[in-house]
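Structure assessment
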Amino acid sequence: MELELPMCIEKTINILMLDKEQRLLLVTKRYFLPKSIQIAIANTVDKVWESLNKIYPDILIIDPTSDPLNIDNLLSKLQQDLKFQHIPLIFLTAKGLTEDRIKGYKYGCDVYVSKPFDPEELEFIIKNIVNKTRVSIDWMRKIYTNLQKIRMIIRIKQKASPKQRLHLTSTEKLVLSEVLKGKLNLTIAQDLRTSKRHIEYYISRLLDKTSASNKKELKNFPWDNIF
């Protein structure tokens, strides 16, 4: 089963940026407006949490000196939270400030950018990180889908007589054909002029015969290996 590397597609990038310098935030946001990069800005940790609950950023850009009393708590919580721990971190640091870099290493910072920074350089850093992250996620999804198919094939081969076990009645085949077209249960019922409950009954039988957990697994079942 051959895996193909997914292509990177140009999408809007969502950034959350924490910095105490309001002017820097606004200038950076304005620069990225025509670049398909949307920046939500915050000058306190509290505002970062508010934004995190509204958007799902591709990258967090943080000046660790912005809110010294709360920044360690923020980074620690992000590192422990399954929803946010994978989000890449960019640290904005003062030149030669080793303390900020040590803090970044502690919390898994991906890139350090010294202030004052070149917006164009930051743009390419952002795009490079996001493209790599999206390729990895797409790649993992593709592998997961293929593993699911392999698991189903193995499950079939482990049965003593798969063809006999997976013998389908004419009604089951009819319902299956509609499911494979991606139709909803109600739509199938209307097309076949029967009740939704009746369709759900036959889908349950199909799930039982294939050991699939849901309709998605049923659709991904390797039917070519059966018929």
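Everything below is about the structure printed above this text.
A few points on the structure.

Scoring rules and cut-offs
- Residues numbered from 1 in each chain as written.
- Predicted model: local features only at pLDDT ≥ 70, side-chain atom pairs only at ≥ 80, totals over all residues.
- Heavy atoms only, no water.
- Pairing = 2+ DSSP bridges.
- Helix = DSSP H or I, 4+ residues; strand = E, 2+ residues; numbered from the N terminus.
- Axes fitted to C-alpha atoms, helices over the stretch in contact; angles between N-to-C directions.
- Contact = heavy atoms within 4.5 Å.
- Buried < 20%, exposed > 50% of the residue type's maximum accessible area, 1.4 Å probe, protein only.
- Arc of directions from axis to C-beta.
- Phe/Tyr/Trp six-rings, centres within 6.5 Å; stacked < 30°, edge-to-face > 60°.
- Right-handed = clockwise from strand over helix to strand, strands pointing away.
- Salt bridge = Lys/Arg side-chain N within 4 Å of Asp/Glu carboxyl O.

Moving on to the sheet that holds strand β1 (residues 13–18). Spatially, β2-β1-β3-β4-β5 is the arrangement adopted by the five strands of the open sheet, whose pairing is parallel. Lying at the two open borders of the sheet, with one neighbouring strand each, are β2 (37–42) and β5 (111–115). On average, each strand axis in the sheet is inclined to that of its neighbour by 25°, with strand direction left out of account. Where helix α1 (residues 22–32) meets the sheet, it contacts β1, β2 and β5, and its direction lies at approximately 165° from that of β2. Across the sheet, helix α2 (residues 45–52) touches β1, β2 and β3 (59–62), and the angle it forms with β1 is around 160°.

Turn by turn, an α-helix covers 3.6 residues, leaving residues three or four places apart pointing in a common direction. Taken together, the buried positions of helix α7 (residues 170–180) are Glu172, Val175, Leu176, Glu178 and Val179. For α7, the angular spread of buried residues about the axis comes to 160°, placing them on one side. Looking at the buried positions of α7, the neighbouring elements they touch are α8 (185–191), α9 (196–210) and α10 (215–220).

Turning our attention to the packing of aromatic side chains. Here the structure, examined in full by the defined rule, presents four aromatic pairs. Seen in terms of ring centroids, Tyr56 and Phe84 are 6.3 Å apart; in terms of plane orientation they differ by 40°. Their pairing is tilted. Residue Tyr56 is found in the loop between α2 and β3, and its partner Phe84 is found in the loop between α3 (68–80) and β4 (89–94); the two are separated by 28 residues along the sequence. Relative to Tyr112, the ring of Phe91 has its centre 6.2 Å away and its plane inclined at 90°; by these criteria the two rings are edge-to-face. You can see Phe91 sitting in strand β4 and its partner Tyr112 sitting in strand β5, a full 21 residues away along the chain. For the pair Phe91 and Tyr112, a shared accessibility class is recorded, and that class is buried.

By the criterion of burial, β1 is predominantly enclosed, with five of the six residues buried. Two strands pair when backbone bridges link them, and β1 and β2 are joined in this way by six bridges, in the parallel orientation. Its bridge partner lying in β2, Leu18 is registered against Ala42. After leaving β1, the chain enters α1 and then returns to the sheet as β2, a path that is right-handed. Where β1 meets β3, four bridges bridge the pair, whose relative direction is parallel. Across the sheet, Leu16 pairs through a bridge with Leu60, a residue of β3.

Before going further, it helps to examine the pattern of salt bridges. If you walk through the whole model with that rule in mind, you get 10 salt bridges. We note a salt bridge from Glu123 to Lys127, for which the minimum N-O separation is 3.0 Å. With Glu123 and Lys127 both in helix α5 (residues 119–157), this residue pair falls four residues apart, about one helical turn. In this structure Lys127 comes out as partly exposed when scored by relative accessible area, which is 24%. Between Asp191 and Lys183 there is a salt bridge, with the nearest N and O atoms lying 2.8 Å from each other. Overall, the relative accessible area of 41% leaves Asp191 in the partly exposed class.

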